[in-house]
Amino acid sequence: MMILNDFRRSMPQTMAMSQSVQSDSLRRGIFRRAGSAVLMLAVLGTLGGCGLFGSKPAHEPTPLTEFKQALTVKQIWTASVGKSGAYSFAPVSVGNAVFAAGANGSIVRVDADTGATTWSAKADTNITAGPGSDGETTVVATHKGDVIAFDHDGKSSWKAKAGSEVLTAPLVGRGLVVVRAINNRVTAFDAGTGSVRWSYSQPASTLTLRTGTGMTFVGDRAVVTGFPGGKLVALDANTGNPLWVTPLSYPKGVTEVERVNDVTGTPVVFGRQVCGATFQGRVGCADVQTGNGLWAREFSSPNGVTQDERVVAAVNTDGAVYAFNAADGSTLWQNDKLKYRDLSAPLALGRVVVVGDKQGYLHFLSRDNGELLARVKLSGAISAQPVLAGQTLVVQTRDGNIYGFRPE
């Protein structure tokens, strides 16, 4: 258990719940223009082989190479929930409980130690985002902007409206259910009643990625999230007023496509810094209290970052995995052996960085040098970031299976 124990010693006070959402290019378009979907398949060649766009990649996946396994990864249980369909659903951990959902509205609460399903529920409609949970209230959302909450026993408790389609998993905690709609409006509902507590919005961008940008709490003080145009924003958890707005990166180029510069994935808070990444922009960190930039590097990521006390790790749009020094942003290593494999957002877990791919392989890379230490084959594509629940690494596949692992 050295890997998990190392990770526990370095866990931040606030763990981001990465909810990276794959776009549905065949149904609603790879980009969103001023609130409406448009199909822009012609530009895929300029965007690389990234699976963010849900279409045929420009490159064939890099073949897997043989290596000597230096890490034992033991599967301890499996469970199931509905398939992801055109969306991507990531499990959420609260202590030793795991919450997972599928596109058909199925929701389960699973014991992280045993894999036993402690309750299951079903929304009365298909869903596009979720779950979000604090263990007492569990929430999902739909393409019509419906927000559906369940209590600690899995019984439906209230419904509300977010005003537009939701692709980002709700953020639940501090007595709030914070929902981010695709029109850049963030609404906080009372977790007990569903009444609106506050809302915040940014102007719609001309052209943005059709993907979910996650949110995370900073103690009881703030909610941090990203917006198109490369901006990180901290919102007062009580009022929704912005505490700070800081540019992680800036749009560049001449055409609208070249200037797409959205924050991707979920900003991650560790200690006094918050880190994130943008598409066609940068990876970098800022002071979580003031928003002042600490460091930034040119980078393009489809699904955000992970970090611990030593590294900030991210996957670029070609599928190369990078690790940066958390203190100054200098490059520690890069691994090109998984390029074009449509990787999930990575997870820093003790002395390894874990990432999944579209062919269902879960890869364990050394945090120190990026070398492959272990590989496990799962039943289906992995598009969502793995999570840690108690002492168990939990991974959800797009075919609806949930796995519990113990790296040793």
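Residues numbered from 1 in each chain as written. Predicted model: local features only at pLDDT ≥ 70, side-chain atom pairs only at ≥ 80, totals over all residues. Heavy atoms only, no water.

1. Some thoughts on the sheet that holds strand 4 (residues 92-94)
- Taken together, the four strands give an open sheet; going across it, the order is 4-5-6-7, and neighbouring strands pair in antiparallel fashion. Every interior strand has two partners, whereas the edge strands, strand 4 and strand 7 (117-122), have only one. With direction set aside, neighbouring strand axes in the sheet form an average angle of 20°.
- Relative to strand 7, strand 6 (residues 106-111) runs antiparallel, the two being bridged by five bridges. Looking across to strand 7, one finds that V108 is bridged to S120. (Pairing = 2+ DSSP bridges. Helix = DSSP H or I, 4+ residues; strand = E, 2+ residues; numbered from the N terminus. Axes fitted to C-alpha atoms, helices over the stretch in contact; angles between N-to-C directions.)

2. Thoughts on the pattern of salt bridges
- This model, assessed by the stated rule, comprises 14 salt bridges.
- The partner of K159 in a salt bridge is D124, with the nearest N and O atoms 2.3 Å apart. Here K159, found in strand 11 (residues 156-161), pairs with D124, found in the loop between strand 7 and strand 8 (129-133); they are 35 residues apart in sequence, far enough to count as distant.
- Among the ionic pairs, R197 bridges to D190, the shortest N-O distance being 3.2 Å.
- The class of D190 is buried, set by a relative accessible area of 19%.
- Taken together, the shared-partner salt bridges connect K252, R282 and E298 into one network. (Salt bridge = Lys/Arg side-chain N within 4 Å of Asp/Glu carboxyl O. Buried < 20%, exposed > 50% of the residue type's maximum accessible area, 1.4 Å probe, protein only.)

3. With respect to the environment of D151
- Tracing the chain through its elements places D151 in the loop between strand 10 (146-150) and strand 11.
- Note: C-alpha distance between D151 and E136 (15 residues apart in sequence) is 5.9 Å.

4. A short note on the sheet that holds strand 27 (residues 321-325)
- Spatially, four strands are ordered 25-26-27-28 in an open sheet, and the strand pairing comes out antiparallel. Looking at strand neighbours, the two that pair on one side only are strand 25 (305-307) and strand 28 (331-335), the edges of this open sheet. The sheet shows a mean angle of 15° between the axes of neighbouring strands, taken without regard to direction.

5. Here's the deal with the nonpolar core
- Among the nonpolar cores identified, the biggest contains 18 residues, and L362, F364, L378, L393 and F405 are the most heavily contacted of them.
- The element that contributes the greatest number of residues to this core is strand 32 (residues 372-377), accounting for three residues.
- Apart from residues lying up to four places away in sequence, L378 is in contact with G360, L362, V395, T397, Y403 and F405.
- Counting 16 residues, the second largest nonpolar core, distinct from the first, contains A101, A103, W119 and V140. (Core = buried A, V, L, I, M, F, W, Y, C linked by side-chain atoms within 4.5 Å. Contact = heavy atoms within 4.5 Å.)

6. Structural notes on the pairing of strand 18 (residues 222-227)
- With six of six residues buried, strand 18 is to be regarded as a mostly interior element.
- The pairing of strand 17 (residues 215-218) with strand 18 spans four bridges and is antiparallel. Residue M215 lies in a different strand from strand 18, and its bridge partner there is T225.
- Two successive antiparallel strands, strand 17 and strand 18, enclose a turn made up of three residues, where G219 displays a positive phi of approximately 55°.
- In this sheet, strand 19 (residues 231-236) lies alongside strand 18 in antiparallel orientation, the contact comprising six bridges. Residue G226 lies in a different strand from strand 19, and its bridge partner there is L232.
- In textbook terms, the turn of a hairpin is the stretch between consecutive antiparallel strands, and for strand 18 and strand 19 this stretch comprises three residues, one of which, G229, has a positive phi near 90°.

7. Topic: unusual backbone geometry
- Following G130, the chain continues to P131 via a peptide bond in cis, the omega torsion being 0°.
- Structurally, the position occupied by P131 is in strand 8.
- Located in the positive-phi region is Y340, a residue other than glycine, with phi close to 65°.
- You can call Y340 buried: its relative accessible area is 18%.
- For D342, which is not glycine, the phi torsion reads 55° and is therefore positive.
- Mapped onto the secondary structure, D342 falls in the loop between strand 28 and strand 29 (347-349).

8. Notes on the environment of I148
- Within the secondary structure, I148 sits in strand 10.
- Under the relative-accessibility criterion, I148 is labelled buried at 2%.
- The contact partners of I148, leaving out residues within four places of it in the chain, are A123, D124, T125, T138, V139, V140, T142, W158 and K159.

9. A short note on the state of the cysteines
- The tally for this structure, following the rule as stated, stands at one disulfide.
- Each sulfur in the disulfide pair C275 and C285 lies 1.9 Å from the other. Taking the torsion about the sulfur-sulfur bond, which here is approximately 100°, the covalent link between C275 and C285 counts as right-handed. Of this pair, C275 sits in strand 22 (residues 273-278) while C285 sits in strand 23 (residues 281-287), and the two are 10 residues apart along the sequence. This pair shows no difference in class: C275 is buried, exactly as C285 is. (Disulfide = S-S within 2.5 Å.)

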